[in-house]
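Observations on chain architecture
Listed here are the chains, written in short residue letters.
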Amino acid sequence: YAILGNHDYWSDAMDVTSALQASGFHVLSRQSARVELDTETALVITGCEMPWSKIPCQIGSPGAGEISIVLSHSADSIPSFCKAGADLVFAGHYHAGQVQLPWSGPLVVPSIFGRRFYHGHFLIEQTHLFVSAGLGASTPYVRLYCPPDILVVDLH
């Protein structure tokens, strides 16, 4: 499953979506997918590309036996995801600041929350937020004391 981000929209969202789909990804642009794990448990995965997609995403409250997972390019919508009852939110966008200083962290994080959710795992109310530094970089195309990463989360 995948969602688009700001650079995808700025370049050519249709081409990026086609390339992802050709590679086997299901692109969830303001949509949800249901994955049955067994007869009693299902994952409901929702894609949210705000603020780059002009249409807001709708996160439904999870029902009995459902685990709500949100793929969000930015963590800035975390209050609405918590309110909707999302169990897990996966985000990126900030590149963990890209340029960090030892012992003090990132210089700039493009978030309404500043450096609060720039990278890592956070528990907000009952929602787990995971923010990855990602693999790429934005302008300037440099990382300083900020290695790229991919988060691996095991659900039990």
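The coordinates are above.
Residues numbered from 1 in each chain as written. Predicted model: local features only at pLDDT ≥ 70, side-chain atom pairs only at ≥ 80, totals over all residues. Heavy atoms only, no water.

1. Overview of helix α2 (residues 13–22)
Threshold: Contacts described as polar in this section are N or O atom pairs within 3.5 Å, which, within protein, must combine one atom able to donate a hydrogen with one able to accept it, while residues neighboring in sequence count only if both atoms come from side chains. Strands here mean DSSP runs of E at least two residues long; helices mean DSSP runs of H or I at least four residues long; both are numbered from the N terminus.
Capping of α2 at its N-terminal end is provided by D12; its side-chain oxygen lies 3.1 Å from the backbone amide nitrogen of M14. Of the residues trailing α2, G24 is marked for its positive phi of about 100°.

2. Considering the packing of aromatic side chains
Note on aromatic pairs: each is described by the distance of the centres and the angle between the planes. For clarity, the cut-off: Pairing of aromatic rings covers Phe, Tyr and Trp, the last through its six-membered ring, and needs centres within 6.5 Å; plane angles under 30 degrees mean stacked, over 60 mean edge-to-face, and all others mean tilted. Between buried and exposed lies partly exposed: a residue is buried under 20% and exposed over 50% of the maximum accessible area for its type, with that area taken using a 1.4 Å probe on protein chains only.
Following the criterion strictly, the structure yields 3 aromatic pairs and no others. Between F113 and F117, the ring centres sit 5.3 Å apart and the planes meet at 75°, which makes this aromatic pair edge-to-face. When its relative accessible area of 25% is taken as the criterion, F113 is described as partly exposed. By relative accessible area, F117 is classed as buried at 4%. Considering the side-chain rings of F117 and F122, the 5.1 Å spacing of their centres and the 80° angle between planes classify their relative orientation as edge-to-face. Per residue, the accessibility class of F117 equals that of F122, and both read buried.

3. Concerning the nonpolar core
Side chains that are nonpolar tend, in soluble globular proteins, to be buried together. Put simply, the rule is: Here, nonpolar core means buried Ala, Val, Leu, Ile, Met, Phe, Trp, Tyr and Cys residues that are tied together by side-chain atoms lying within 4.5 Å of each other. Pairs of residues are marked as contacts when any of their non-hydrogen atoms sit within 4.5 Å.
Ranked by internal contacts, the top residues of the largest apolar core, which has 19 residues, are V70, I78, F81, V89, I124, L129 and V131. F81 has contacts with C48, C57, I59, V70, S72, A86, V89 and T127, leaving out every residue within four places of it along the chain. In this structure, I3, L28, A33 and F130 belong to the second largest nonpolar core, which totals 9 residues.

4. Some points on the sheet that holds strand β3 (residues 66–72)
Counted only if it meets this: Pairing between strands is defined by DSSP: at least two bridges between them are needed. Every angle, taken between N-to-C directions, lies between 0 and 180 degrees, and every axis is a line fitted to C-alpha atoms, over only the stretch in contact when it is a helix.
Pairing in this open sheet of 6 strands is mixed, and the strands run β1-β2-β3-β4-β8-β7 from one edge to the other. Unpaired on one side and paired on the other, β1 (32–36) and β7 (120–124) mark the two borders of the sheet. Between one strand axis and the next, the sheet turns through 20° on average, direction left out of account. Pairing between β3 and strand β4 (residues 88–91): 3 bridges, direction parallel. Across the sheet, the residue bridging to L71 is F90, located in β4.

5. Structural notes on the environment of F90
Relative to the helices and strands, F90 resides in strand β4. Residues in contact with F90, not counting those within four places in the same chain, are I69, V70, L71, S72, F130 and V153.

Note that all results are geometric; they support no functional claim without further evidence.
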